[in-house]
Amino acid sequence: MLILLIGLDRLFPLQPAVPYSTVITARDGSILHAFLSRDDKWRLYAELSDITPALRNAIIYKEDKYFYSHPGFNPVALLRATVRNLLTGQRTSGASTITMQTVRLLEPRSRTYGNKLIELIRAVQLELHYSKDEILQLYLNLIPYGGNIEGIKSASMLYFGKPPVLLSLAELTTLAIIPNRPSSLRLGINNARIVQARNGWLNRFRSAQLYTETTITDALSEPLTAYRREAPQLAPHLSRRLRAGQPDQPIIRSSLDPVTQSTAEQLVQNYAIRIRANDIHNAAVLIVDNRTSEVVAYVGSADFNNVSDGGQVDGVRAVRSPGSALKPLLYGLAFDAGLITPRSKLNDVPTNFGGYRPDNYDRRFNGPVTAEFALANSLNIPAVLLLREIGTPAFVATLQKAGFSTVKKQAKDLGLSLILGGCGVTLEEMTRLYAGLARGGVMSELALRPLAPDSPPPGRGLKASDRRSLLPAGEGPGVRELSPEAAYLVTQTLTQITRPDLPNNFDNSYHLPRIAWKTGTSYGRRDAWSIGYNQRYTIGVWAGNFSGVGVPELSGANTATPLLFQLFNALDYNSPRGWFQPPAQANSRLAMRLVCPETGDIPGDSCLNPVTDYQIMGVSRHRLCQHRKAVFINRAGTLAYCSHCRPDSGWVRRFYPNLAPEVIAFYQSGHIPFESVPPHNPGCERVFGANGPQITSLNDGSEYFINPVQPAELELSCQAPNDVQGVFWYLNDKLYRKAHPAEALFFKPRPGRLKISCADDRGRHSDIWVLIKSE
């Protein structure tokens, strides 16, 4: 007989594959978002911890007093029900146990004696494979509450707005009696009838001394305010993202903090209403806990239900142009490469990078500026200069290492425009990058789900999306992109508030949070970025239109940064965690040194009033300042001599600014006065060096297409040292014109190969070749 039962059990296994609703919970276990099950039911999965002793006692007393002692069916009750049914000729008692009811809910059948026998056998089978608590849990997950609501947790959340563990005795008794009469006892509609039935059972509980007298008295006097509520719908974008990764998981725990998430959603929604007047319709926000790299708030759009503005687009993962927001990483790499220190001078002047002529956001140039000024003011020319010196491939490789997936796909096509937004990034990638700066240069995967305390450490059997560090910032797992020293220097620069990307009306305001932040505005004003961090949080903000339509009023400073400041002020105003400190002295290579304020190099004999500057010992360039050069001139200061034409007497040695040709051209074109070297001795017969004026237009080796009927004029321009007073332009070795070095000339080309030459008044010259073609 036993062998037969075992064989039948294997031939006809009971497999309770229940399609539960997927529930996304916050880090504290509260429900953020709930989805309908595959069969369109609200069937939320109740865990064993959701079944409180009070709930268990009420259900068992009402439905099956001998639940914990019978083998799946109650022989005494079954015999009694059979006798009564036979004597009356009708069904007066069903004698169904909780186990049998669970089988009926799993495998609905018509109510016949044959099916009753099958339910009994299945009940025994269920008892053989599951514990009593698991069977009770399964039963409570399946009991009907009318409509498409099934399970105690679904009813608790949708009618009382709370999980089962928070139900009062009156509320759980209410939910215990509904499944027997789900049609006539409808919560929110038949509440008066439900209270009458509820109180009847509460009096039975009193008679059975199931609960204390005080508890019963309070429950009897408690009003019933149940009504149908909407299912929780917080964090819709992240919820769909997590559900897509585990579609059959009934409960998915996220790393989100419910208070932070709710605050962020409300601020984003309110702010989107304000900026809508400027035809800017959306915003996205990502908030990261710097200590653990956990995402604590995830807002994909201003309004998920706004279909007309693309509310269901996930702005956290949408690929957009970063504008200038990648510059902090570039400057950090330049610090680590020893190319610059904060007070190193970079030339912010019009520059031609092989045909690429970037401009600043305000279309103005500042001349020589310090590196920290260039970063704080987001100047474009110095950034492109640094990228050229570091090398685009090296910078792209760093971004790939930091997890920028779109950059990896675009790697072969990226050039110097990359640093000004000529690539694709996501808000998630940018926020991770800045969180790495907050963690001392260590870029870690952002954790969308927290680790359980007994989970293996990051990197051992975990998905990347589950990784988490339990160590202080900068000490956890991840990829080190910058040294702690470089990260600290970048942070100090981004903390400055005397900068143009401070929002209007925030200057000198007590509402200004203490954060390090950087803005970005993409070409065409399509994307506004503002990403900031302090010791506790890194917050990334994107604003714009998912349609890609640009708006003249859109900018990182005035569109995205006000929302960034609001978020920091709401979540971590006057953070008690203090501010970033220099790397620990025991291991730090960060030190102070004196530098010349003109160049940022080690002071030389002509350097007056040196200033202090940071350096990374053993890395930062140790170069003697040469911002002035010695020139032999006559006593009147009208002629300059070289060593070959210098007379025996009547000359003096004087120092002049040692300016780069592009800086001289900038000063001359802007009529900015500077101390220039006198013209060279016209009596000198020697022809000097092979390095002539640098031709900046046209571009060597380029092809130019013209309309042969009405050819457009092409520009000729060059850069020359400050001792050059005039240059001579030649087209195919024929003199075209003499001009001032800073003067731009124009000519009408003809089809064919063209040699362009430029010679200065000291005999030096340079040549380029271009090809002119007809369209």
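Could you clarify how one ought to interpret the overall build of the protein in this entry?
Of the regular secondary structure elements, the protein holds 21 helices and 25 strands. Since a compact globule built from 775 residues should have a radius of gyration of about 28 Å, the 38 Å found for the protein marks it as more spread out than a globular shape. Once the C-alpha set of the protein is aligned to its principal axes, its extents read approximately 140 × 65 × 55 Å. Within the protein, the fraction of its 775 residues that count as buried is 53%. Residue pairs in contact within the protein that sit at least 24 positions apart in sequence constitute 67% of those at least 6 positions apart. Counting only carbon and sulfur atoms, one obtains 51% of the accessible surface of the protein, whose full area is about 36500 Å².

For this particular structure, what's the right way to read the packing of helix α4 (residues 98-106) against helix α6 (residues 132-142)?
The packing of two helices is summarised by the inter-axis angle and the distance between the axes. At a minimum axis distance of 9 Å, the contact between α4 and α6 shows a crossing angle of 50 degrees. By the criterion of interaxial angle, the relationship of α4 to α6 is oblique. Crossing hand, α4 versus α6: left-handed. When α4 is examined against α6, the residues Ile98, Thr99, Gln101, Thr102, Leu105 and Leu106 are found in contact with a partner set consisting of Ile135, Leu136, Leu138, Tyr139 and Leu142. Residue composition of the contact of α4 with α6, grouped by class: eight nonpolar, three polar and no charged.

Would you explain the sheet that holds strand β11 (residues 527-533) in this entry?
Across a sheet, paired strands are connected by hydrogen bonds in the backbone, their directions being either parallel or antiparallel. The five strands lie next to each other as β5-β4-β12-β11-β10, forming an open sheet whose pairing is antiparallel. Of all strands in the sheet, those bounded by a partner on one side alone are β5 (294-299) and β10 (516-521). Averaged over all pairs of adjacent strands, the angle between their axes in this sheet comes to 10 degrees, without regard to strand direction. Strand direction decides the pairing type here: β10 and β11, joined by six bridges, are antiparallel. Counted as the bridge partner of Trp517 is Gly532 from β11.

Sorry, what's going on with the environment of Glu265 here?
Its place among the elements puts Glu265 in helix α12 (residues 258-275). Looking at Glu265, the relative accessible area reads 19%, which means it is buried. In the structure, Glu265 is positioned 166 residues away from Thr99 in sequence and 44 Å away in space, judged by C-alpha atoms. In this view, Glu265 contacts Leu234, Ala235, Pro236 and Val299; residues no more than four positions away in its chain are not counted. Only 2.7 Å separates the side chain of Glu265 from the side chain of Gln261, close enough to count as a polar contact.

Teacher, can you tell me more about the environment of Asn74 here?
On the secondary structure map, Asn74 appears in the loop between α2 (53-63) and α3 (75-88). The spacing of Asn74 and Asp64 is 10 residues in sequence and 9.0 Å in space, taken between C-alpha atoms. For Asn74, the contacting residues outside a window of four places in its chain are Tyr66 and Thr97.

Explain the packing of helix α9 (residues 191-207) against helix α10 (residues 213-221) to me, please; I cannot follow it from the model alone.
Closest axis-to-axis distance for the α9/α10 pair is 10 Å, and the angle between their directions is 175 degrees. It follows that α9 is roughly antiparallel to α10 by the angle criterion. On the side of α9, the interface is formed by Arg198, Asn199, Leu202, Asn203, Phe205 and Arg206, while α10 contributes Glu213, Ile216, Thr217, Ala219 and Leu220. Here the residues of the contact of α9 with α10 sort into five nonpolar, three polar and three charged.

Sorry if this is basic, but what is going on with helix α16 (residues 392-401) here?
Think of an α-helix as 3.6 residues a turn; residues three or four steps apart then line up on the same face. Listed in full, the buried residues belonging to α16 are Thr392, Phe395, Val396, Thr398 and Leu399. Buried residues in α16, looked at end-on, bunch into an arc of 155 degrees, giving them a common side. Buried residues along α16 sit against α13 (327-336), α15 (380-390) and α17 (405-410). Positive backbone phi, approximately 95 degrees, marks Gly403, located one or two places after α16.

In this structure, what is going on with the nonpolar core? I would like to understand it.
Soluble, globular proteins show a tendency: their nonpolar side chains are buried together. If you look at the biggest cluster of nonpolar residues, it comprises 78 residues, and the most contacted ones within it are Leu326 and Phe395. With residues near it in sequence (within four places) discarded, Leu326 still touches Phe395, Leu399, Phe404, Leu418, Ile419, Cys423, Met430 and Leu433. Core analysis: the second largest hydrophobic core is formed by 53 residues, Leu14, Trp42, Ala46 and Leu136 among them.

Hey, could you run me through the pattern of salt bridges in this one?
Pairing between side chains of opposite charge can happen when the charged atoms of each approach one another. Inspection of the entire model under this criterion finds 28 salt bridges. In this structure, the salt-bridge partner of Glu715 is Arg357, at a minimum N-O distance of 4.0 Å. You can see Glu715 sitting in strand β20 (residues 714-719) and its partner Arg357 sitting in the loop between β6 (345-348) and β7 (367-370), a full 358 residues away along the chain. Glu715 sits in the partly exposed class, given a relative accessible area of 25%. Here Arg357 falls in the partly exposed class, since its relative accessible area comes to 45%. Here Glu703 ties to Lys773 by a salt bridge, and the two come within 3.4 Å at their closest N and O atoms. Of the two residues, Glu703 is situated in strand β19 (residues 703-706) and Lys773 in strand β25 (residues 765-774); the sequence distance between them amounts to 70 residues. On the basis of relative accessibility, which here comes to 43%, the residue Glu703 falls in the partly exposed class.

Can you walk me through unusual backbone geometry in this structure?
Comment: phi is negative for the bulk of residues other than glycine, and the bulk of peptide bonds are trans. A cis geometry characterises the amide bond from Ser697 onward to Leu698, with omega recorded as 10 degrees. Structurally, Leu698 can be placed in the loop between β18 (694-697) and β19. One non-glycine residue with positive phi stands out, namely Asn609, at about 55 degrees. Note that Asn609 resides in the loop between β13 (590-595) and β14 (611-616).

Would you explain the packing of aromatic side chains in this entry?
Each aromatic ring pair is described using two quantities: the centre-to-centre distance and the angle formed by the ring planes. This model, assessed by the stated rule, comprises 15 aromatic pairs. Consider the rings of Phe205 and Tyr211, whose centres lie 5.7 Å apart with planes at 70 degrees: the pair is edge-to-face. The class for Phe205 is buried, based on a relative accessible area of 1%. Note on Trp517 and Phe565: the rings are 5.3 Å apart at their centroids and 85 degrees apart in plane angle, and the pair reads as edge-to-face. You can see Trp517 sitting in strand β10 and its partner Phe565 sitting in helix α20 (residues 556-572), a full 48 residues away along the chain. Like Phe565, Trp517 is buried. Cluster of aromatic residues (ring-pair linked, three or more members): Tyr61, Trp201, Phe205 and Tyr211. Here the basic side chain of Lys132 rests over the ring of Phe67, its NZ or CZ set 4.7 Å away from the ring centre.

Conventions used here
- Residues numbered from 1 in each chain as written.
- Predicted model: local features only at pLDDT ≥ 70, side-chain atom pairs only at ≥ 80, totals over all residues.
- Heavy atoms only, no water.
- Helix = DSSP H or I, 4+ residues; strand = E, 2+ residues; numbered from the N terminus.
- Rg over C-alpha atoms; globule rule 2.2 N^0.38 Å.
- Buried < 20%, exposed > 50% of the residue type's maximum accessible area, 1.4 Å probe, protein only.
- Contact = heavy atoms within 4.5 Å.
- Areas by Shrake-Rupley, 256 points an atom, 1.4 Å probe, with all protein chains shown as cover.
- Axes fitted to C-alpha atoms, helices over the stretch in contact; angles between N-to-C directions.
- Parallel < 35°, antiparallel > 145°, perpendicular 65-115°, else oblique.
- Left-handed = near helix turned anticlockwise from the far one by under 90°.
- Nonpolar A, V, L, I, M, F, W, Y, C, P; charged D, E, K, R; others polar.
- Pairing = 2+ DSSP bridges.
- Polar contact = N/O pair within 3.5 Å; in protein donor to acceptor, adjacent residues only side chain to side chain.
- Arc of directions from axis to C-beta.
- Core = buried A, V, L, I, M, F, W, Y, C linked by side-chain atoms within 4.5 Å.
- Salt bridge = Lys/Arg side-chain N within 4 Å of Asp/Glu carboxyl O.
- Phe/Tyr/Trp six-rings, centres within 6.5 Å; stacked < 30°, edge-to-face > 60°.
- Lys NZ or Arg CZ within 6 Å of the ring centre and 35° of its normal.

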